[in-house]
Amino acid sequence: MISSSSRIIGAVEIGTGKTVALAGEITRGRSLNIIGVGVAPSRGVMKGEVVDYKAACEAAHQALEMAEKRAGARLEEVWLAQTGGHLDAFYNEASANVKSADNTVTAMDISTVCALAKEKELPAGRTRIHEIRRPFRLDGRAVPDPEHLTGHRLEVGYWIVHGHEGKVSDNIHVVGGYHLEVRELVLSSLASGSLLTSAEERAHGVLVLDIGKGITDYVLYRDGSVAATGTLAVGGDHLTNDIAIGLRITTAQAETLKLRHGRATVQTRDKSEKVWLNGEMSFGDRQVSKLALETIGSARVWELLEVVRKKLGAKFAPEHCGAGVVLTGGTSRLPGIDEAAARVFGLPARRGEAPGWVKDELQNPMFSTVLGVFQFGLRNAHDHVVPVRPKGGLLNSLGRIFA
Amino acid sequence: MSHSATDSMPRGRSWRNIRQEVTPHALSSRGRKRRHLNWLKSAALGALVLAAAWGVHWAAVTWSDRAALAKVVHSPKLAEPVLITDGVLPQKWVKDALALPASARLMSLDLAALRARLQAHGQVQVAVLTRSFPDTLVATLRERTPVARLQVQDGAGTPQQLLVARDGTVYEGVNYDQDMITTLPWLAGITLRRQGAGYAPISGMDAVARLLATAQTEAPWLYRDWIIVSLARLASHGELMVRTQDVGGHRMEEIVFSRKQDYYKQLARLDFILEQSRDRVDRLPVRVDLTLDGQATVLFDGEVQARLPAAPARTFFNPQPPAVQPKARRDF
């Protein structure tokens, strides 16, 4: 039963491979109860970007409808996960002198320095997705909240995530086509990172890699805050393509082969070891070299991880990433990928596991992002970022009856 | 002031500035269905809100009405009742008949009982009582008109004059002009029966009333001499006997009318007989029986009367149809 002080919110991820929608009942802006799940194979989406509006709508709306039906309630709004190769980010910081005579930091000082740090203009056609603040520094020392502290110089930096306005619009309009409003847009990597890592891990430093079918999202946490985010237009599909090309088989066969025998590291030593292509040993089936398969997978995964490390550049340092690497997304189920990640980043790597409050049926990595969208949204709502309007009163109660 | 670590509501060119509404064509079939459902629900919600508003309005109006009623119920004092009548009953009679207690309040009055109390008097044919807020009771009466009178004796043997209305109701007249009452003929040949505190209606009064009304309007010079109307033979023979007084030498004692014939013609015949007898006969009629159709039996006095002086100019009846009657001699 839906209580009167709750809202029914949908978390949606329009991925390259699947569109996932969850219906969550959020009570008093804090407590989350997942009441409906909808999954539909994506169409019209490439590398996280909508290329066929109608096809993408069909899949997304199917998932949304399924989630609503299972929830037995109508969604009021949607929090949408955003990914895509068009996303980019930069870091911008600003500093300001503390204005008061006694050098006590006031709210005005904080507001001024924050505004300065966010002031940077974006290139034409770009739109801001997130402005993620790093800790304040007061005379060089990091402080979570400088107000009422004494100092001379206040500094702050923002990690500003932006994307192509048209592509972001396309994503939003897919949801709009279902006559729903997108209330929050959450970067997929932030969503996954928020779900799969604890505050302690983020404080120690952790790298989260969400390797999907067409896109790889990553987020690097340092000192409890986001140090970098990024997106690579590379995912499990590329691995499939490489296998198809390398072994001269169809994409579908390559996908099957990847799921059955694919690995991110080379384990096979015997060059003569073969695996059946279709696994049916029927007419037309043939054997392929397992070593070749593993070599291709390893090379591609290694390359992918290297690219991520390269993109992180100086922001990534193993000594500042004590909690290691967390892998999630569909491709993270590839055997040996944690081992590969550990080698590439020089850190312990593991597959991410959803927290205990997540039901067993949602423990699959494909739900990490949408669950993370909820978690991230709720956390920010708690920080007054996501406006959670009170929904009391007679009219709202009546409205809920008809919702 | 709170500055969260992740501001998802940036200013300037933010994703929040992106227009989210899509054109109707961009809605999928599921989206359209959802939108229509939203419209229906909005309409239902609107209707519900309107209904609630109407309910609140109704409650407010009812509440204010109740407040007004309560105010009336608790009004300090009932004003004097107001009388509207088509007759002669005075306001004091109504006040006495209603006998409202001093502590009575307008809303506490039993109008049905009060109405019955007023209508218990024979003079009142119909009584309508209405509350005029905040403190006045209005009595609207339709009264009976007397057509005859009769005399009875009460238990102590005291003679008492009663009036009889057209419908046969017998009642004590209140506040009538005494001169008018004296012009009413007496009734005879009837048996009064008690009914409750009064008397049962007299049957056959309609025939009497029609005769008297015709005589009063068409032949007042005859009517004014009528003293008694007897109903003794009305039921058995359909005859009304009128006894007259001898005024100015008209020695007329009894006239017999038939209920079955037109009173107008009977009166005309009577007038003709009286006229002829005065002009041509040296004896005066003492009894005229008009019950014979088109004819009359006249009983004359045995004595020869002196020639009467010429009667003053007056209208008179012609027994012939009006078409052959000279106009100058008719004014009715």
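Owing to the predicted nature of the structure, the values given are computational and were not obtained by experimental measurement.

Participant: How would you summarise the overall build of chain B if you had to cite specific residues and measurements?
Facilitator: Broken down by element type, chain B carries eight helices and 15 strands. Counting all 332 residues of chain B, 24% fall into the buried class. Put simply, of all contacts in chain B between residues at least 6 apart along the chain, 53% involve residues at least 24 apart.

Participant: An account of the overall build of chain A is needed here, citing residue identities and associated values.
Facilitator: The helix and strand inventory of chain A stands at 11 helices and 19 strands. With 403 residues in all, chain A has 49% of them scored as buried. Restricting the contact set of chain A to residue pairs at least 6 apart, pairs at least 24 apart contribute 69%.

Participant: Requested: an account of the packing of helix α6 (residues 236–247) of chain A against helix α7 (residues 251–261) of chain A, with residues and values cited.
Facilitator: All names here are of chain A. Relative to each other, α6 and α7 sit at 110°, their axes nearing to 8 Å. The orientation of α6 with respect to α7, classified from their angle, is roughly perpendicular. The element α6 and its partner α7 pack so that their crossing is right-handed. Mapping the contact onto sequence places L239, T240, N241, I243, A244 and L247 in α6 and T251, A254, E255, L257 and K258 in α7. Split into classes, the residues belonging to the contact of α6 with α7 amount to six nonpolar, three polar and two charged.

Participant: For the sheet that holds strand β2 (residues 82–85) of chain B, give the residues involved together with the corresponding values.
Facilitator: Residue and element names in this part refer to chain B. Pairing is mixed in the open sheet, where three strands are placed in the order β2-β4-β3. Every other strand in the sheet has two partners, leaving β2 and β3 (124–132) as the edge strands with one partner each. If you compare each strand with its neighbour and ignore which way they point, the axes differ by 20° on average. With eight bridges connecting them, β3 and strand β4 (residues 136–143) associate as antiparallel partners. Directly across from R131, in β4, lies its bridge partner L137.

Participant: Help me get a handle on the nonpolar core, residues and values and all.
Facilitator: Residues V12(A), L22(A), A60(A), V175(A) and L207(A) are the most contacted members of the largest nonpolar core, which totals 106 residues. If near-sequence neighbours (up to four positions away) are discounted, V12(A) is found in contact with A21(A), A60(A), L64(A), V78(A), L80(A), A81(A), V175(A) and V370(A). Among the nonpolar cores identified, the runner-up in size contains 39 residues, and L184(B), L234(B), L240(B) and Y263(B) belong to it.

Participant: A description of the packing of α6(A) against helix α8 (residues 290–312) of chain A should follow, citing residues and the corresponding values.
Facilitator: Residues and elements named next belong to chain A. Running from amino to carboxyl end, α6 crosses α8 at an angle of 140°, the nearest separation of the two axes being 9 Å. Taken together, the axes of α6 and α8 are oblique relative to one another. Every pair of crossing elements has a handedness; the one defined by α6 and α8 is right-handed. Between α6, through H238, L239, D242, I243, G246 and L247, and α8, the contact on the second element is made entirely by A292, L293, I296, G297, R300 and V301. Of the residues contributing to the contact of α6 with α8, the split by class is seven nonpolar, three polar and two charged.

Participant: Got a sec to walk through helix α5 (residues 205–218) of chain B? Specific residues and values, please.
Facilitator: Residues and elements named next belong to chain B. A rise of 1.5 Å per residue sets the reference length of α5, with its 14 residues, at 20 Å; its end C-alpha atoms lie 19 Å apart and thus fit the reference within 8%. For α5, the full list of buried residues reads M205, A207, V208, L211, L212 and A215. Buried residues of α5, viewed axially, fall in a sector of 160°; they line one side.

Participant: Could you give an account of α6(A), naming the residues involved and the relevant values?
Facilitator: All names here are of chain A. The end-to-end C-alpha distance of α6, which contains 12 residues, comes to 16 Å, matching closely the 16 Å that a straight helix rising 1.5 Å per residue would cover. Listing the buried residues of α6 in full gives G236, D237, H238, L239, T240 and I243. Those residues of α6 that are buried lie in contact with β13 (206–211), α7 and α8. Once α6 finishes, R248 follows within two positions and takes phi at roughly 55°, a positive value.

Participant: So what's going on with the pairing of strand β14 (residues 216–222) of chain A? Which residues, and what values?
Facilitator: Residue and element names in this part refer to chain A. Extensive coverage of β14 is indicated by the burial of seven of its seven residues. Residues T216, Y218, L220 and R222 of β14 are buried on one face, and the alternating residues D217, V219 and Y221, pointing to the opposite face, are buried as well. Strand direction decides the pairing type here: β13 and β14, joined by six bridges, are antiparallel. Of the residues in β14, the one forming a bridge with L209 is Y218. Turn length for the β13-β14 hairpin, with the two strands adjacent in sequence and antiparallel, is four residues. Here β14 pairs with strand β15 (residues 225–232) via seven bridges, running antiparallel.

Participant: Run through the sheet that holds strand β2 (residues 18–27) of chain A, naming residues and quoting values.
Facilitator: All names here are of chain A. The strand order β3-β2-β1-β6-β12 describes an open sheet built from five strands, whose pairing is mixed. The sheet is open, and its two edges are formed by β3 (31–41) and β12 (182–187), each paired on a single side. Strand-to-strand twist of the sheet, defined as the mean angle between neighbouring strand axes without regard to direction, takes the value 20°. Note that β2 and β3 share 10 bridges and pair antiparallel. Considered in β3, the bridge of A23 is made with G36. Here helix α1 (residues 53–71) sits on the sheet and contacts β1 (6–14), β2 and β3; the angle it forms with β3, its principal contact strand, is near 140°. Each of β1, β6 (77–82) and β12 is contacted by helix α3 (residues 165–176), which is oriented at about 145° to β6, the strand it contacts most.

Participant: I'd like to hear about the environment of I249(A), residue by residue, with values.
Facilitator: When you line up the elements, I249(A) lands in the loop between α6 and α7. Considered as a pair, I249(A) and V288(A) are 39 residues apart in the sequence and their alpha carbons are 9.8 Å apart.

Participant: How would you explain the confidence of the model for chain A if you had to name every residue and give the values?
Facilitator: Mean pLDDT over chain A: 87, with 92% of residues reaching 70 or higher. Per-residue pLDDT stays below 50 along residues 383–395 of chain A; that stretch engages in 21 contacts with residues further than four places along the chain or on separate chains.

Participant: Please give an account of the environment of H86(A) that cites residues and values.
Facilitator: Residues and elements named next belong to chain A. Checked against the element boundaries, H86 lands in the loop between β6 and β7 (88–97). Classification of H86 as buried rests on a count of 20 C-beta atoms within 10 Å. With 38 residues separating them in the primary sequence, H86 and G48 have C-alpha atoms 9.2 Å apart. Setting aside residues up to four positions removed in sequence, H86 forms contacts with E49, G163, H164 and K167.

How each quantity is defined
Residues numbered from 1 in each chain as written. Chains lettered and ligands numbered in written order. Predicted model: local features only at pLDDT ≥ 70, side-chain atom pairs only at ≥ 80, totals over all residues. Helix = DSSP H or I, 4+ residues; strand = E, 2+ residues; numbered from the N terminus. Buried ≥ 20, exposed ≤ 12 C-beta atoms within 10 Å, placed from the backbone. Contact = placed C-beta atoms within 7 Å. Axes fitted to C-alpha atoms, helices over the stretch in contact; angles between N-to-C directions. Parallel < 35°, antiparallel > 145°, perpendicular 65-115°, else oblique. Left-handed = near helix turned anticlockwise from the far one by under 90°. Nonpolar A, V, L, I, M, F, W, Y, C, P; charged D, E, K, R; others polar. Pairing = 2+ DSSP bridges. Core = buried A, V, L, I, M, F, W, Y, C linked by C-beta atoms within 7 Å. Expected span 1.5 Å × (residues − 1). Arc of directions from axis to C-beta. pLDDT = per-residue confidence, 0-100.

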